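Report on the structure
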Amino acid sequence: MSVIERNVKELLSELPDGVELVAAAKTRQPEEVLEAVKAGIKIVGENYVQEAEKAYAVVGRRVKWHLIGSLQKNKVKKAVELFDMIESLDSVAIAAEIDRRCAQIGKVMPVLIEINSGKEARKSGVLPEDTEKLVREVLSLSNLKVMGLMTMGPAGAEAGALRPCFIETKRVFEKIKRLNLPGVEMKYLSMGMSDSYRIAIEEGANMIRLGTRIFGERGCQPSFHLSAVPTQERQPLSRN
Ligand SMILES: *Cc1c(COP(=O)(O)O)cnc(C)c1O
């Protein structure tokens, strides 16, 4: 059994019922993603549209594809064609573009609103206090469906330091859920990564996004480097 296969099987047997596992595939080779899928992964999370296209060419529609990285306007057309969910929506301008592009292909895109729960400067996500406003703006766009919230928490924080961020995100989630806004279905709370998923689940996550725990440490694969991607096609490195 390969390491990836063993990791996926261990995780799937460990996770409580009702918690969806997203394999966070950034920097991984399509073949590694395929291996994870063959071991039982049902959702692949991608940060970059271009990387997603490469993996999609190998893996295809046998899994769901989630965008978990920030989206630029000029990538929205491709993104709405490829992805089954956008977990990282944090601006009304991008929401409007998603709506326009979805209308062209007759698709309704499920979205999660990304919360900057650590309230870091220069980070993706809306502040907790601005979340309801964005949800209300998005619900008027008929080709998007708000289905929950996603958060990362502060980069590089100890797992324990993330707990308050998860608690805050869950609080906002419940608050918006209670509003019963038309067309809004608060179903998914996507939080927790390899170091923090147990804590996230304790605090109410029902979707977790794991990269390292499935594929191993990033940056030690000799075969893929961002530098191998032509500069004009690179997405900005919005995550670190
Ligand atoms: C990379 C990434 C993950 C997974 O991180 P790991 O620590 O490798 O599990 C989850 N979510 C997002 C948005 C990411 O960019």
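All chains use their own residue numbering, which begins from 1 and follows the written sequence. Since the coordinates come from a predicted model, pLDDT governs what is reported: local features require at least 70, and pairs of side-chain atoms require 80 or more to be given and counted, while whole-chain, interface and lining totals use all residues. The basis for every side-chain value is the complete set of non-hydrogen atoms in the structure, without hydrogens or water.

1. Description of the site of the ligand
We define proximity as follows: a residue is near a molecule or strand when any one of its heavy atoms falls within 4 Å of that partner. If you check the shell around the ligand, you find 13 residues, and the closest are K26, S194, G211, T212 and R218. We call two N or O atoms a polar contact when they sit within 3.5 Å, provided that within protein one can donate a hydrogen and the other can accept it, with sequence-adjacent residues counted only if both atoms are side-chain atoms. The contact in question runs from an oxygen atom of the ligand to an N or O atom on the side chain of K26, over 2.7 Å. When the free accessible area of the ligand is taken as 390 Å², the share hidden by the protein chains comes to 95%. Residue classes in the shell around the ligand are distributed as 5 nonpolar, 4 polar and 4 charged. For every accessible area listed, the method is Shrake-Rupley and the probe measures 1.4 Å; residues are considered covered only by the protein chains on display. When residues are grouped by polarity, Ala, Val, Leu, Ile, Met, Phe, Trp, Tyr, Cys and Pro land in nonpolar, Asp, Glu, Lys and Arg in charged, and all others, Gly among them, in polar.

2. Examining the nonpolar core
In this structure, I41, L71, L89, I98, I113, V138 and I214 are the most contacted members of the largest nonpolar core, which totals 64 residues. Strands here are runs of E lasting at least two residues and helices are runs of H or I lasting at least four, both read from the DSSP assignment and numbered beginning at the N terminus. When residues of this core are assigned to their parent elements, the largest contribution, 5 residues, is made by helix 7 (residues 159-179). When near neighbours in sequence (up to four residues on either side) are disregarded, I113 contacts E87, L89, V126, T131, L134, V135, V138, V146, G148, L149 and M150. The criterion is simple. A nonpolar core is a set of buried Ala, Val, Leu, Ile, Met, Phe, Trp, Tyr and Cys residues joined through side-chain atoms within 4.5 Å. Relative accessibility thresholds used throughout: buried, under 20% of the residue-type maximum; exposed, over 50%; partly exposed, between the two (1.4 Å probe, protein chains only). I43, L112, M150 and M207 belong to the second largest nonpolar core, which has 9 residues in total. For this analysis, residues touch if any pair of their heavy atoms sits within 4.5 Å.

3. Considerations on unusual backbone geometry
Excluding glycine, residues mostly have negative phi values, and the peptide bonds linking residues are mostly trans. With phi around 70°, T27 is a residue other than glycine that occupies positive phi space. Structurally, T27 can be placed in the loop between strand 1 (20-24) and helix 2 (30-38). The exposure class of T27 is partly exposed, given its relative accessible area of 22%. Even without glycine at this site, K119 takes up a positive phi of about 50°. Tracing the sequence through the fold places K119 in the loop between strand 5 (109-115) and helix 6 (131-138).

4. Some details on the environment of A205
Here A205 is to be found in the loop between helix 8 (197-202) and strand 8 (207-210). For A205 and F166, which are 39 residues apart along the polypeptide, the C-alpha to C-alpha distance reads 8.1 Å. Beyond its immediate stretch of four places on either side in the chain, A205 contacts V19, L189, M191 and A200.

5. A closer look at the packing of helix 2 against helix 3 (residues 49-59)
Every axis corresponds to a line fitted to the C-alpha atoms, with the helix fit spanning only the stretch in contact, and the corresponding angles, defined between N-to-C directions, vary from 0 to 180 degrees. Where helix 2 meets helix 3, the closest approach of the two axes is 9 Å, and the angle between their N-to-C directions is 50°. In terms of orientation, helix 2 and helix 3 fall into the oblique class. Taken as a pair, helix 2 and helix 3 cross one another with a handedness that is right-handed. The segment helix 2 lies against helix 3, with P30, V33, L34 and V37 engaging K54, A55, V58 and V59. In the contact of helix 2 with helix 3, the residues fall into 7 nonpolar, no polar and 1 charged. If an angle is under 35 degrees, it is roughly parallel; if it is over 145, roughly antiparallel; if it lies from 65 to 115, roughly perpendicular; otherwise it is oblique. Two helices crossing with the near one rotated counterclockwise from the far one by less than a right angle form a left-handed crossing, whereas a clockwise rotation gives a right-handed crossing.

6. Remarks on the packing of aromatic side chains
Note on aromatic contacts: the rings of Phe and Tyr and the six-membered ring of Trp form a pair at centre separations within 6.5 Å, being stacked when their planes are under 30 degrees apart, edge-to-face when over 60 apart, and tilted otherwise. For the coordinates displayed, the defined rule picks out 1 aromatic pair. Ring geometry for Y56 against W65: centres 5.8 Å apart, planes inclined by 70°, an arrangement best described as edge-to-face. Residue Y56 is classed as partly exposed on the basis of its relative accessible area, which comes to 27%. Assessed through its relative accessible area of 0%, W65 is described here as buried.

7. Describing the pattern of salt bridges
Salt bridge, as applied in this entry: a Lys or Arg side-chain nitrogen positioned within 4 Å of an Asp or Glu carboxyl oxygen. Evaluated as defined, the whole model comprises 18 salt bridges. With a shortest N-O distance of 3.4 Å, E81 and K77 are connected by a salt bridge. Of the two residues, E81 and K77 both sit in helix 4 (residues 76-82), 4 residues apart, roughly one turn of that helix. Note on E81: relative accessible area 39%, which makes it partly exposed. R101 is the partner of E97 in a salt bridge, and the nearest nitrogen-oxygen pair spans 3.3 Å. You can see E97 and its partner R101 sitting in helix 5 (residues 92-105), 4 residues apart, about one turn around the helix. Here E97 and R101 have matching classes, each one buried. By sharing partners, the salt bridges in this structure join R6, E10 and R213 into a single network.

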